[in-house]
Amino acid sequence: MRLRVAAGRTRRRTPPTPTGRIHRMRRRITLLFTLVSALGLIGMTVFAVHADGASWRDQVDSDLQTRTSDIAAGLTPDEDGVLAYPTPKDGGYDCPPVTLFTAGGGHVSRVVSPRRPCLAVPAEALQEAAVEAAREEHGALSTATTPKGRRLRLSAEPVTGPAGTTDAVVVAAVDTSGHLDSHRRLTLFLTIACAVLVAVSAMAGRWLAGRAVRPALTALAQQEAFFADAAHDLRTPVTSMRLLAETGLRGEADSHEVLRRTLRQSTRMSELVDDLLTRARLMAGAVPLEREPLRLDQLVDAVVADTPAHGHRVAVRAEAVVVLADAGLLRRAVANLLGNALTHGHTPGEPADVEITVTADGTVTVDDAGPGIPPGQAKSLFERFHSGSGSSGLGLSIAAWVAHAHGGSLTVVPGARGGSRFLLSVPVRDRTRP
């Protein structure tokens, strides 16, 4: 048992991954947003329910007090100084029902009751309201419940006689069950509405939190993609250089040949590193586009002139056209397409035959006579690791990104000579603008 406890104590918790921390932060943001929204909605709901209840109660109490005050003001003493009580036959006491009590010596007794009351008020409730008003010598409000469960509101108003003492008490009552039912319905509606709004707020908070952390997830994905690209593309040249170095140390090959092959591998590694950095900067948005008018035909001629042919044939047919583009990025895209055609656009052992055409609509067509591209790989050709020829495919993905960043496109179709035809299009400068 002790060994198990010790082993349990030595087990360490695995730290969360960066993606896990971002998702946890998203959950916390969602929870905080929902909590703040819930507190606000609940507060407003409680305030609305309380305000509605206070409003109808104040209105009922005001009407009752007005009723009892009017009746009390109508009670006047006769010639002997005794209050003259009205006769119930005269009416005016039935709805809301008004009951008159005499007060004296600390006791109250009923003297006038409504003949046809619209509401049956328990006698105990009337008596208690009259006693309280006579004792306190000012108006009193109270509640009561009928045997059938109806809620009542009572108002008692004392009447002061000539001697300055309370000689009578006027008690009026009203049924508040309808107001209570309406108040309960409003409370239920506001509660349901509050719950629905809290749920909607939670979903909105989750959506907003997702939008907030999306740049961080994108940057993290780009970083991981860069590391994956670097590990994938640098593994082969590094391994080759290591084998060449071991071969040179053992003296199993000519030193000049070893150095030549090492130089070729180091050049390839340098190009791969350059492609990786360019792709990472493009995906991160760290390379701003500096659009300017430039001659697309001249740019293609310069790229062809700067690219070593190594026995391959490159023919250019260009029309004069001015486009709005970033010269450095567009040069890189055209160079990648030409390099891809020279490397993969021919039968092994035979020189490549590449034709480049520049048309007046801003389209650069790179046509080779190679084996072509299988139909199933055409859609994924411009993604990394999907060149279909054993290479990384970064050159084509960079060319596609450059085309899309300029508002153009990069597509591939079967060529007329059996190979592949890449179509790179960029916007042409509007000649109507100054």
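Residue indices begin from 1 for each chain and proceed along its sequence in written order. Owing to the predicted nature of the model, reporting of local features is limited to residues with pLDDT of at least 70; listing and counting of side-chain atom pairs is limited to 80 or more, with chain, interface and lining totals taken over all residues. Side-chain calculation: all heavy atoms of the structure are included, whereas hydrogens and water are not.

The chain is annotated in an unreviewed UniProt entry as histidine kinase of Streptomyces guryensis. UniProt lists a comment for the chain under the heading Catalytic activity (unreviewed entry), and it reads "ATP + protein L-histidine = ADP + protein N-phospho-L-histidine." UniProt positions are given in the numbering used here, feature names are shortened, and annotations may be inferred rather than shown by experiment. A UniProt comment under Subcellular location (unreviewed entry) is attached to the chain, and it reads "Cell membrane".

Relative to each other, helix H6 (residues 296–306) and helix H7 (residues 327–344) sit at 55°, their axes nearing to 10 Å. When the interaxial angle is binned, H6 and H7 end up oblique. The hand of the H6/H7 crossing is right-handed. Contacts between H6 and H7 involve Leu-296, Leu-299, Val-300, Ala-302, Val-303, Val-304 and Asp-306 from the first element and Ala-327, Leu-330, Arg-331, Val-334, Ala-335 and Leu-338 from the second. When residues are sorted by character, Ala, Val, Leu, Ile, Met, Phe, Trp, Tyr, Cys and Pro go into the nonpolar class, Asp, Glu, Lys and Arg into the charged class, and all the rest, Gly among them, into the polar class. Looking at the contact of H6 with H7 residue by residue, the classes come out as eleven nonpolar, no polar and two charged. Here an angle of 0 to 180 degrees is reported between the N-to-C directions of two axes, which are lines fitted to C-alpha atoms, with helices fitted over the stretch in contact. Strands are runs of DSSP state E lasting at least two residues, helices are runs of H or I lasting at least four, and both sets are numbered from the N terminus onward. An angle below 35 degrees is treated as roughly parallel, one above 145 as roughly antiparallel, one from 65 to 115 as roughly perpendicular, and anything else as oblique. Less than a right angle of anticlockwise turn of the near helix away from the far helix marks a crossing as left-handed, whereas a clockwise turn marks it as right-handed. Here, residues are in contact when the closest pair of their heavy atoms is within 4.5 Å.

Our focus in this paragraph is the UniProt feature "transmembrane region" (unreviewed entry) in the chain. Under the present numbering, the feature "transmembrane region" (unreviewed entry) in UniProt falls on residues 186–209. The span residues 186–209 is 100% helix and 0% strand, and its two end C-alpha atoms sit 33 Å from each other.

Turning our attention to the nonpolar core. Here is a general trend for soluble globular proteins: nonpolar side chains tend to be buried in one another's company. Side-chain atoms within 4.5 Å are what join buried Ala, Val, Leu, Ile, Met, Phe, Trp, Tyr and Cys residues into a set we call a nonpolar core. Relative accessibility decides the category of a residue: with a 1.4 Å probe and only protein chains considered, values under 20% of the type maximum give buried, values over 50% give exposed, and everything between is partly exposed. With 34 residues, the main nonpolar core has Leu-296, Leu-330 and Leu-424 as its most contacted residues. Elements with a contribution of two residues or more to this core: H6, strand S8 (322–325), H7, strand S9 (353–358), strand S10 (363–367), helix H8 (394–405), strand S11 (409–414) and strand S12 (420–425). No other element matches the eight residues that H7 contributes to this core. Here Leu-424 is in contact with Leu-330, Ala-333, Val-334, Leu-337, Gly-362, Thr-363, Val-364, Ala-399, Ala-403, Ser-409 and Leu-410, once residues within four sequence places are set aside. Counting 19 residues, the second-largest nonpolar core is a separate cluster that includes Phe-101, Ala-103, Ala-134 and Leu-152.

Let us look at the sheet that holds strand S1 (residues 98–104). A sheet is described by the order of its strands in space; here five strands give the open sequence S2-S1-S5-S4-S3, paired in antiparallel fashion. Lying at the two open borders of the sheet, with one neighbouring strand each, are strand S2 (107–112) and strand S3 (140–145). Each strand axis lies, on average, 30° off the axis of its neighbour in the sheet, ignoring direction. Of the pairings in the sheet, the one linking strand S4 (residues 151–160) to strand S5 (residues 166–175) comprises nine bridges and is antiparallel in character. Residue pairing in the sheet places Thr-160 in a bridge with Thr-166 of S5. The sheet contacts of helix H2 (residues 18–74) involve S1, S3, S4 and S5, and relative to S4 the element is tilted by about 35°. DSSP calls a pair of strands paired once it identifies at least 2 bridges connecting them.

Along the chain, the position of Ala-172 falls in strand S5. In contact with Ala-172, not counting residues within four places along its chain, are Leu-64, Arg-67, Thr-68, Pro-97, Val-98, Arg-153, Leu-154 and Ser-155.

Our focus in this paragraph is H6. Three- or four-residue spacings in an α-helix give side chains the same orientation, since the helix completes a turn every 3.6 residues. Those residues of H6 lying buried are Leu-296, Asp-297, Leu-299, Val-300, Val-303 and Val-304. Projected down its long axis, H6 shows its buried positions confined to an angular sector of 160°, all on one face. Looking at H6, the residues exposed on the side facing more than 90 degrees away from the buried face are Ala-305 and Asp-306. For H6, the elements touching its buried residues are strand S6 (292–295), strand S7 (313–318), S8, H7, S9 and S10. This arc is built from the directions going out from the helix axis to the C-beta atoms.

What follows deals with the state of the cysteines. Note that a disulfide, as used here, is simply two cysteine sulfur atoms within 2.5 Å. For the structure on display, the rule yields one disulfide. Between the sulfur atoms of Cys-95 and its disulfide mate Cys-118 the distance is 2.3 Å. Handedness here is read from the sign of the S-S torsion; for Cys-95 and Cys-118, about 85°, the answer is right-handed. In this pair, Cys-95 is assigned in the loop between H2 and S1 and Cys-118 in the loop between S2 and helix H3 (123–136), connecting sequence segments 23 residues apart. The partly exposed category is assigned to Cys-118, whose relative accessible area is 45%.

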